[in-house]
Every structure is written in structure tokens, then in C-alpha cells.
Amino acid sequence: MDHFLYRDGALYAEDVPVAEIAAQVGTPCYIYSTATLERHFRLFDEALAGMDHLVCYAMKAASNQAILKVMADLGAGMDVVSGGEYARAKAAGVPGDKIVFSGVGKTREEMRAALEGGVRQFNLESEPEMEVLNEVALSLGVVAPVTVRVNPDVDAKTHAKIATGKSENKFGIPITRAPEVYARIAELPGLRAVGIDVHIGSQLTDLEPYRAAFTKVKELTETLRAAGHDIIRLDLGGGLGIPYERGNSAPPLPVEYGALVQEVLGDTGCEIEIEPGRLIAGNAGIMLSEVIYVKHGEGRDFLIIDGAMNDLIRPAMYDAHHDIVPVVEPEAGGEQTPYDIVGPVCESGDTFAKGRNMPKLAAGDLVAFRSAGAYGAVMSSEYNTRPLIPEVLVKGDQFAVIRKRPSFEEIINRDTLPEWM
Ligand code: LLP
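Here, residues in each chain are numbered from 1, in the same order as that chain's written sequence. In view of the model being predicted, local features appear only for residues whose pLDDT reaches at least 70, and side-chain atom pairs are presented and counted only at 80 or more, with totals across whole chains, interfaces and linings using the full set of residues.

What counts here: UniProt positions are given in the numbering used here, feature names are shortened, and annotations may be inferred rather than shown by experiment.
Per an unreviewed UniProt entry, the chain goes by the name Diaminopimelate decarboxylase and belongs to Pseudooceanicola marinus. Under the UniProt heading Cofactor (unreviewed entry), the entry covering the chain gives this text: "pyridoxal 5'-phosphate". Per UniProt, the chain has the following entry under Catalytic activity (unreviewed entry): "meso-2,6-diaminopimelate + H(+) = L-lysine + CO2".

Here it is, written out as C-alpha cells:
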């Protein structure tokens, strides 16, 4: 459930008509709902209520400072994957001991910054990284808390570009090698193993791959404990999917996911960490766009809108479906027209939907892309020198621009000419 609903014939974000935001901020833009962000965080928090746990929001999904502040104020931890994300978490007021540092290619600089600023744990992804972190920690005279991300070789049954738990993926250390790796960690004075980490992919719509992975993690917990390692924490990653197609998909709910975690891992006595991103931010955001032209092509009509693949890359990159709805509420049972919905960028891939049934639309009409809050703004670019689009946060009947649209001048001034020109 989210807070983007029709009311009096028009789409609202909480208590604000989105057309009013379009009038003041311009299109295209991203709009987030505070109430939806909060609700989604709480669903996870409550789903794990019976266990010692921390929900670490995977900020890669949507990392605007205002969104992070909403999360931080709820007591969320953060999952970060770069020095930049670490700095963002700190700037939003998240204490170091609630920041989990993930990522396959952490640099020495990133490790140093996190060790100095405070970190809950590093999720190690390879043996060379383990040796480097040991060196960095020793050079600072500290001991780094770590988990090893194990690759359980489980098929997450999701899009190939976002599956991470199969042996052919670049992520983690094969679970079968884990005992050796933990033995090596025990020899390294700069590292202390505190737990095990696993993340098998994103947009999972079935709990069975989770069950398979968690069961392997449980077995590994027992093996490692028997070998004398003090495993106190299990980081289960993120990945729970969201319903991108209303009425056509119903992924498992956080409460069902939580019940599975309790069932499989409840008796380990471990503290549970999870790293949801998409489920928290995805349906808490829309991308609002205006129709520029309706073009009658050969056998098809194109809706040419002012949003493009540089603003929302998911359809071009993953063939992702986003529900696209008119801002003026369509009549129930009214006439529908199939449109190819495209942006202005000079690539055929700049296509959001083909033959999508919509009520008849005209230039100037507004449309909203649902489920665009996660992996939307964060993956946008200025391709075609189209300025990064603004982000707006709504809370009740208030709204505020939380990232403004840069001017052409600001964009141009980011470039510098070499002296010889
Ligand atoms: N933890 C780790 C280690 C991850 O790699 C990810 C996502 C998450 C947590 C959060 O997963 P979530 O709960 O959001 O599924 N850009 C793609 C998704 C990439 C996901 C990358 N890793 C998309 O737009 O579908």
C-alpha cells in the first residue's frame, strides 16, 4: 500500500495534488511520500519483532539526504556500498555502529574512512579484500568487525542483471570455502569475525530461494561455531520484491519474510540484520512527467513525454515494467487507447512501454510512473545534457524540493577547460 491515490478525480501524493507540484516544480520530477517510506520501514521492523534485529536501509535504492533522514529518525541502520554512501549516512546523522559496509571493491581509503568514523561491520567479499582490510585496521591500531558474504549458489529466480547468489556471479565467497576463510580471519589480528552475510539478489518474488539460502547459512553458523568462531550476527541482505504491476503480481509480504527468518534462524540466537532497499523506497516514489506530443505513427500512436531513459533507466536496462497512470483519474470502464510511451532521447531504447492501454491523452497532460522511488533518481544521468530532475518530498499537506533541478549554467560550469585552450 502506498499514499499515491486518486481523490476528487486527481492523483494525490498524501494530501498534495501532484498537479500542484508539477505547477510549482516543473516536470519531470520525482515525488516521494514520507508516510509510505515510514510504513515500509515499520513493516520490516515489526516482521522481525520477535528477534534481536536491525533494519539497515540499502540506501543505493534512494539516497537523497532527506530520505535518509526519514529513515535515521525511525532508528534505521544503513547498508552502504561506497565511501560516498558512507559519507551520506553520516551526514544524515546515522551513528557509525549502525552502518554496514558492503560492496565488492572497497578501497583502502574507503576502509580507512569507515574505521575512523565508526562502522558496525564490513561485509567482506573476497580473500584479497580481507588481507587489505587487516592491513588498514592494523595501520590505524584498531580491529575491524567483519562478516564474510557467502555465495550460497542459490537461484533467486529474478532478472539476470540483479541475481547475485549463483556461483557464476561476482559476489561473495563460495559457501563451501567459508570454513577456511574464517580460519584465516582468526589468524589476522586486525579482523574480528562477528557473523555471516548473504544477499542473493533483488526483486525476489518467491520465498523459496530465501529458505534455501537461510538454511545453508544456518548450517554454516553451526559449523563455524563448532570450529570456535563467535558468530553473533547474521546479515541476510535485501531483495524482497514489490508489485510493479498492480493487480497482476503479489510478491510475499515482509511479514511472511519475517516469519521465514524466525522459522529458519530463530533458534540460532543471532542478531538479525536485513538490508531492504527496493521495498522501502520503491512504492514510496513516483516519477511525474508531462506529455509533449502525441504522434500518430504507422499503426501506432506515440506518447512523447518529457521524462526519458536518463531519468528512469529501469525499462531500458532491465525491461522493467512500471505502471503509468494519468494524473487526471480516468473514468471507470472508459475508452482506452494503446500507446507507445517514449522519451525524447535519441535512442530507440528510450521506450518506457509499448502498446500500453491508457485513456486518450493530449499534449500537456500529466502522467505518473508508479514504483519509481527505488533505483530511479539514483540511477539517473545527464545524458543528452538533460538536467538531473528534481526530487520532492511530501509529508501530509506539505511538500519540499529536496534536490533542485540544476540550471544549464551549473551543468556547463562543472566542466573545466585545459589551460592550453
Ligand atoms: N544488499 C546488497 C548487498 C545489495 O547488493 C542490494 C541491492 C541490496 C541489499 C538491496 O536490495 P533490494 O532490497 O533493493 O532488492 N538497479 C536494480 C537493482 C539493483 C540491486 C543491487 N543490490 C533495479 O533497478 O532493479
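### Notes on the overall build of the chain
The line we're drawing: Strands here mean DSSP runs of E at least two residues long; helices mean DSSP runs of H or I at least four residues long; both are numbered from the N terminus. Here the radius of gyration uses the C-alpha set of atoms, whereas the globule reference equals 2.2 Å times the residue count to the power 0.38. Field definition: a residue is buried when 20 or more other C-beta atoms are found within 10 Å of its C-beta, exposed when 12 or fewer are, and partly exposed for counts in between, with C-beta atoms placed from the backbone.
Helix and strand content of the chain: 12 helices and 21 strands. Expected size for 421 residues packed as a compact globule is a radius of gyration near 22 Å; at 23 Å, the chain falls within 12% of this value. In terms of principal-axis extent, the alpha carbons of the chain reach across some 70 × 60 × 40 Å. Within the chain, the proportion of its 421 residues that are buried is 48%.

### Here we look at the site of the ligand
Definition in use: Using a C-beta atom placed from the backbone, a residue is described as near a molecule or strand when that atom lies within 6 Å of it. For this classification, Asp, Glu, Lys and Arg are treated as charged, while Ala, Val, Leu, Ile, Met, Phe, Trp, Tyr, Cys and Pro are nonpolar and the rest, including Gly, are polar. These domain limits were set by an automatic method or by a database of domain assignments.
Around the ligand, a shell composed of 21 residues is seen, among which Ser-202, Gly-238, Gly-277, Arg-278 and Tyr-375 lie nearest. Contributing elements (two or more residues each) for the shell around the ligand: helix 10 (278-281) and helix 11 (314-318). Of the residues assigned to the shell around the ligand, the class counts are eight nonpolar, eight polar and five charged. Each of domain 1 (4-31 + 283-413) and domain 2 (34-281) gives at least three residues to the shell around the ligand.

### Quick word on the packing of helix 8 (residues 208-226) against helix 9 (residues 254-265)
We apply this condition: Whenever a helix is involved, its axis is fitted only over the stretch in contact; in every case the axis is a line through C-alpha atoms, and angles between N-to-C directions fall within 0 to 180 degrees. Reported orientations rely on four angle classes, namely roughly parallel under 35 degrees, roughly antiparallel over 145, roughly perpendicular from 65 to 115, and oblique for the rest. Throughout, a crossing is termed right-handed when the near helix is turned clockwise from the far one, and left-handed when it is turned anticlockwise from it by less than a right angle. Whether two residues are in contact is decided by their C-beta atoms, placed from the backbone, lying within 7 Å.
Orientation of helix 8 relative to helix 9, taken along the N-to-C sense of each, is 30 degrees, at an axis distance of 10 Å. Our classification of the angle between helix 8 and helix 9 gives roughly parallel. Of the two possible hands of crossing, helix 8 and helix 9 adopt the one that is right-handed. Along the contact surface, helix 8 presents Tyr-210, Arg-211, Phe-214, Thr-215 and Lys-218, while helix 9 presents Tyr-257, Leu-260, Val-261, Val-264 and Leu-265. Grouping the amino acids of the contact of helix 8 with helix 9 by side-chain chemistry returns seven nonpolar, one polar and two charged.

### Let's talk about the pairing of strand 13 (residues 271-274)
The criterion, for reference: The criterion for strand pairing is that DSSP finds at least two bridges linking the strands in question. Seen with its strands pointing away from the viewer, a crossover is right-handed if its path from the first strand over the helix to the second goes clockwise.
Of the pairings in the sheet, the one linking strand 5 (residues 53-58) to strand 13 comprises three bridges and is parallel in character. For Val-55, the partnering residue across the bridge sits in strand 13 and is Ile-274. Two strands pair when backbone bridges link them, and strand 12 (residues 233-235) and strand 13 are joined in this way by three bridges, in the parallel orientation. Bridge assignment links Leu-234 to a residue of strand 13, and that residue is Ile-272. In this fold, the crossover linking strand 12 to strand 13 by way of helix 9 has right-handed handedness.

### With respect to the UniProt feature "binding site: substrate" (unreviewed entry) in the chain
This chain's UniProt record puts "binding site: substrate" (unreviewed entry) on Arg-278, Arg-314, Tyr-318, Glu-347 and Tyr-375. Annotated residues spanning 98 residues; largest pairwise C-alpha distance 27.2 Å, indicating distribution over more than one region. By the element assignment, Tyr-318 lies in helix 11. Among the residues examined, Tyr-318 registers 16 C-beta atoms within 10 Å and is labelled partly exposed. The contact partners of Tyr-318, leaving out residues within four places of it in the chain, are His-159 and Lys-161. Inspection of the secondary structure assignment puts Tyr-375 in the loop between strand 19 (366-369) and strand 20 (391-395). When the 26 C-beta atoms within 10 Å are taken as the criterion, Tyr-375 is described as buried.

### Remarks on the domain arrangement of the chain
The domain architecture assigned to the chain consists of domain 1 (4-31 + 283-413) and domain 2 (34-281). Put simply, the middle of domain 1 and the middle of domain 2, counted by C-alpha atoms, are 32 Å apart. Contacts between domain 1 and domain 2 engage 21 residues on the former and 21 residues on the latter. Here the element with the most residues in the side of domain 1 that touches domain 2 is strand 20; it accounts for four residues. The residue inventory of the side of domain 1 that touches domain 2, partitioned by class, reads 10 nonpolar, six polar and five charged.

### Here's the deal with helix 4 (residues 83-91)
To keep things clear, this is the line we draw: Taken from the helix axis, the directions to the C-beta atoms give the arc we talk about.
For helix 4, the set of buried residues is Glu-85, Tyr-86 and Ala-89. Viewed along the axis of helix 4, the buried residues span an arc of 105 degrees, placing them on a single side of the element. Structural note: helix 4 exposes Gly-84 and Ala-91 on the side pointing more than 90 degrees away from its buried face. Downstream of helix 4 by a residue or two, Gly-93 has a phi angle that is positive, lying close to 90 degrees.

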